[in-house]
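Structure assessment
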Amino acid sequence: MKKISWQRLAVVAAIVPMLALSACSSSGGRPTDTGGSNGGKVATTPSIKIALITHAAPGDTFWDIVRKGAQEAATKDNVDLLYTSDPDGGRQAQLVQQAIDQKVAGIAVTLAKPDALKAVLKKAEDAGIPVVSLNSGEDVFKSVGAFTHFGSDENVAGAAVGTRLAEEGVTHPLCVIQEQGNVALEARCAGVKTKVPGTEILYVQGTDMTQVASTVTAKLQSTPGADAIIGLGAPFTATIVKAVGALNLAAKVKVASFDLSGELIQSIIDGKVQFTVDQQPWLQGYDSIDALWQYYRGGFMVGGGLPVLTGPAIIDKTNAPAVLKFAKEGIR
Amino acid sequence: MTTLLKPPPALDERVGKRGMVSNLLGRPEIGALVGAIVLFIFFSIVAPVFLQANSFATVLYGSSTIGIMAVGVALLMIGGEFDLSAGVAVISSALTASLFSWYFSVNVWVGVGLALVVSLAIGFVNGWILMKTKLPSFIVTLATFLMLTGLNLALTRLIGGSVATPSIATMDGFASAQAVFANDFTIAGVDLKSPVFIWIILVAITSWLLLRTRVGNWIFAVGGDENAARAVGVPVKWTKIGLFMGVGFCGWVLGMHNLFAFDAVQSGEGIGNEFLYIIAAVIGGCLLTGGYGSAIGGAIGAFIFGMANKGIVYAQWNPDWFKFFLGLMLLLATIVNLIVKRRADSK
Amino acid sequence: MTANDMTSNETAKHAAGPTGTGPTIDQETLLQNETDPLTHTPVHLMELEGVGKHYGNIIALTEVTMAVDMGRVTCVLGDNGAGKSTLIKIIAGLHQHDEGTFKIMGQERKLTSPREALDSGIAAVYQDLAVVGLMPIWRNFFLGSEITTGRGPFRRLDVKAMKEITKNELADMGIDLRDVEQPIGQLSGGERQCVAIARAVHFGAKALILDEPTAALGVKQSGVVLRYILQARDRGLGVIFITHNPHHAFPVGDRFLLLKRGKSIGYYDKKDITLDELTAQMAGGAELAELAHELEALGSHGDLAQELEAEVAETAGQLPH
């Protein structure tokens, strides 16, 4: 008897969605026009392989943008982009080794854990493969053999946020870190603290948005003196905005952010978020691939031995509308 | 013909009668309840703001998002199995609803319905593979966990173009779905969210199912001694598959809350939560080996986790020590649970 | 049957002498008649003829023939590895036989699941008892056959009725348990056996299979269980009592099937065999003799060897030819 009712349920479950598909949504949904036509010409140099190896954890929106920039440069330069990532230093080193084994024409790598990568990058140097670094490792790129670095110093970015907050009279901001122990995130908050000594750090579980919401709410409830709150990633800032609104603290607690997304820009335009700091990750990806192609093309080494800064760029109400279009495209 | 034998005299006079208090103390959830009360008192003293109604509502919300899953996982543990894919299955459900609705530009409720089918299907697959291969559920669901994690990332990027789903807030049906899954109710000035009510309702229904229906009897039997249950005619295979599908259902409920509360779903989320669900169930008195436990216990376990999690923030303790405090709290709560149980059994 | 009957059988046997000019026991004649001499009914409750089972290339059971009747106890005896478990599993529906016929009330059957066996009136009480230790007694009692009230989604357990029935049924069997809510694991081995037997009796089992119920029990507890077996028999059930202890089997059995390494080495009526003969058949005189010789060769256990030889001689003298 049980089996028959299961079969019936299965049949019903199959038919109903087909009927329901006729219930189309009047707004929202996938845009019908495909953005970005691919009409241009590519470089005339032969196809080469370039490896981009980051310390990204899977599913991070920030690295998505880096990857998009790298991909556009690769397409334009007739480059076959090999993208891999691993937050673990040891495993990231193994990925670099695999790139060397594949005899790539260039390696772009992030140096969040430079000690783990030192040895394998020496091997790359011995194999004659040029190396650039991006995003993390501004102080160490030379010592591991990279000829330049594309990035935005997290401490500098944090300081920029701190300066701006101090200008607006903020004395007790909460800095929300979604991954305890993440060097870049900790550096951002440390940077803020240099300019605003009253900064307090709050750790939340980034893998569970409901816990982020409830922890932020709890902190705001127990810290009546807080006058600002900073999110270190666009999705987390969105959750913070909701929490602040639910507690009716929008007038008292200013919201600031790092990084960008379409929704975040819209929030800035709407006044829910004061400003955000963009390190222009698209540029980091684009420039590192392009630099390696330039080296292949003519032995050029951009940067002059110094790092090439891609930020910080502060986006607030004044320049947000100009950026909105690109944020929706997912490149800012 | 043989004569009817006289029945033998009544058995062992050494087996004394248990008092009502002992019986009460022997229930699986009592240890957890004691632990919860101790923790509540502790945080009330250390952080005065903890006692405020709004703070308590926040604690309840933080508990409910673990609690909804802990209900299903506790039931499964009583049935003798683990589900390590429960954490990511929540996100799979949310992603399915969001991406499907967005890609085909249909009413969001269609996506919600499809997500339910997918969640139940994931549960079915877990249970079916388990019964067919007779591998430990730890292994089977570990494999499913890895596969779902990969699918979450790959399909989101493939369909949506990024690691997070596009916004569906402007689509038809979003408002009504939000009213069901992610509503904020203001009762007597206190802000209570949907998951809290859903959690309480789920616990009530599941407790009734476990203690007052045939299926509940089968669940205890299947977890306590699978072979014995099979020998007396209990449908072991379907009971276990049903339990996995129950976890799938809870995953759908929580996934829908995630989607309609936060709109964009990060495809990398959910990882790590599966252990919290198991911890909540174990704190609540469920035996790791199965056959013993309760749904209310799982709820209390989730509540303990919520109190520890939020209490540390309310108490303004040094955030670097957060994880350490959390682990210590959980260990202490479990030990209290164990002590109470042992004393009850020895009485 | 009283004790006097048993003694007279024994004296009759001794009169035959060791060279075996006395009556031979012909296993064939036991089953030849259509009318069973014990119960005068045309068919047996259960009948196995030439039943065999193999797992891959391992022959677990072969050419087994036995019968079970209502109100009678059939004992299946054999040492470990004799094939007793396989036999029960076939009768209880956990496995299917590969050769021979298995008839229930004259109708040939092949049971495909424990549920089917239960529905046919065959209840098995296993060595590990098929009870769930952590669950209360009343839940175990009604496991798989719970009583419910209400309809549709509100169908719920009738807890009060189940607790009461459990209490009463156990009282009928002679156990007075005030609290049927306690986990069954807290009962002693003998009590658990009793609950399992009472369960089978209550649910209208026509045949009861007991798999080594006294194996793990002390002397007194074993006596209690044997008494319950007779209780069940007296209520009209056909009992299959599986054991490796002939001292337990003989007092309660009406028929005895001896298994060794998957084969039947003897199938006797109670009136045709004595306890000592049964023990001798089971002990295996040949093995004892071999052991005695080995010990003698070692030389260090002279006393023990002599004792064994004496025992061998005694049992050899008892063996039927």
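Because the structure is a prediction, the values reported are computed rather than measured.

1. Regarding the overall build of chain C
- If you tally the helices and strands in chain C, you get 12 helices and 12 strands.
- A separation threshold of at least 6 residues defines the contact pool for chain C, and within that pool the share at least 24 residues apart is 67%.

2. Topic: the interface of chain B and chain C
- Of the residues lining the interface, 26 residues belong to chain B; the matching set on chain C comes to 31 residues.
- Of all the secondary-structure elements, those providing two or more residues to the side of chain B that touches chain C are α9 (214–224) and α10 (226–231) of chain B.
- When residues of the side of chain B that touches chain C are assigned to their parent elements, the largest contribution, 5 residues, is made by α9 of chain B.

3. Regarding the UniProt feature "transmembrane region" (unreviewed entry) in chain B
- Per the UniProt record, "transmembrane region" (unreviewed entry) is found at residues 30–51, 58–78, 108–129, 135–155, 196–221, 241–263, 275–305 and 321–340 of chain B.
- Taken end to end, residues 108–129 of chain B is 100% helix and 0% strand, and its first and last C-alpha atoms sit 31 Å apart.

4. Digging into helix α5 (residues 154–167) of chain A
Residues and elements named next belong to chain A.
- Look at α5: 20 Å from first C-alpha to last across 14 residues, which is about the 20 Å you get at 1.5 Å a residue.
- Its buried side turned inward, α5 meets β6 (173–177), α6 (183–195), β8 (228–231), β9 (254–258), β10 (275–278) and β12 (313–316).
- Downstream of α5 by one or two residues, Gly 169 has phi in the positive range, about 85°.

5. Digging into the environment of Leu 306 of chain A
- The residue Leu 306 of chain A is located in the loop between α10 (281–298) and β11 (308–309) in this model.
- Note: C-alpha distance between Leu 306 of chain A and Phe 147 of chain A (159 residues apart in sequence) is 8.2 Å.

6. Regarding the nonpolar core
- With 245 residues, the main nonpolar core has Val 176 of chain A, Ala 70, Val 73 and Ile 304 of chain B together with Leu 208 and Ile 209 of chain C as its most contacted residues.
- In terms of residue count, helix α3 (residues 53–78) of chain B provides more of this core than any other element does, 15 residues in total.
- For Ile 209 of chain C, the residues in contact, after removing those within four places along its chain, are Ile 88, Ile 91, Ala 92, Ile 122, Ala 124, Val 125 and Ile 240 of chain C.
- One finds Val 96, Ala 99, Val 144 and Ala 291 of chain A within the second-largest nonpolar core, a separate group that totals 41 residues.

7. Focus: the interface of chain A and chain B
- At the interface, 40 residues of chain A touch 48 residues of chain B.
- When residues of the side of chain A that touches chain B are traced back to their parent elements, those giving at least two are α1 (2–20), α2 (61–76), β7 (200–203), α7 (209–222) and α8 (234–246) of chain A.
- The leading source of residues in the side of chain A that touches chain B is α7 of chain A, at 10 residues.
- For the side of chain A that touches chain B, the class distribution of residues is 16 nonpolar, 17 polar and 7 charged.

8. With respect to the pairing of strand β1 (residues 184–187) of chain B
All names here are of chain B.
- Alignment of β1 against strand β2 (residues 190–193), held across 4 bridges, turns out to be antiparallel. Bridge assignment links Phe 185 to a residue of β2, and that residue is Leu 192.
- Counted along the chain from β1 to the antiparallel partner β2, the turn is 2 residues long, and its residue Ala 188 has a positive phi close to 50°.

9. Remarks on the packing of helix α3 (residues 89–101) of chain A against helix α4 (residues 114–126) of chain A
Residues and elements named next belong to chain A.
- As a packed pair, α3 and α4 sit with axes 8 Å apart at the nearest point and diverge in direction by 5°. Here α3 lies roughly parallel to α4, going by the angle between them. In this structure, α3 uses Gly 89, Gly 90, Gln 92, Ala 93, Val 96, Gln 97 and Ile 100 to contact α4, whose residues at the interface are Ala 116, Leu 117, Val 120, Leu 121, Lys 123 and Ala 124.
- Its residues assigned to classes, the contact of α3 with α4 shows 8 nonpolar, 4 polar and 1 charged.

10. Side note on the sheet that holds β7 of chain A
Residues and elements named next belong to chain A.
- As summarised here, the arrangement of the 6 strands in space is β7-β6-β8-β9-β10-β12, forming an open sheet in which the pairing is mixed. Each end of this open sheet is capped by a strand with a single partner; those strands are β7 and β12. Taken over all neighbouring pairs, the strand axes of this sheet differ in orientation by 25° on average, direction set aside.
- In this sheet, β9 lies alongside β8 in parallel orientation, the contact comprising 4 bridges. Bridge pairing in β9 places Ala 228 opposite Lys 254.
- Docked against the sheet, α8 engages β6, β8 and β9, running at close to 170° with respect to β9.

Criteria and thresholds
- Residues numbered from 1 in each chain as written.
- Chains lettered and ligands numbered in written order.
- Predicted model: local features only at pLDDT ≥ 70, side-chain atom pairs only at ≥ 80, totals over all residues.
- Helix = DSSP H or I, 4+ residues; strand = E, 2+ residues; numbered from the N terminus.
- Contact = placed C-beta atoms within 7 Å.
- UniProt positions renumbered as here; feature names shortened; annotations may be inferred.
- Expected span 1.5 Å × (residues − 1).
- Core = buried A, V, L, I, M, F, W, Y, C linked by C-beta atoms within 7 Å.
- Buried ≥ 20, exposed ≤ 12 C-beta atoms within 10 Å, placed from the backbone.
- Nonpolar A, V, L, I, M, F, W, Y, C, P; charged D, E, K, R; others polar.
- Pairing = 2+ DSSP bridges.
- Axes fitted to C-alpha atoms, helices over the stretch in contact; angles between N-to-C directions.
- Parallel < 35°, antiparallel > 145°, perpendicular 65-115°, else oblique.

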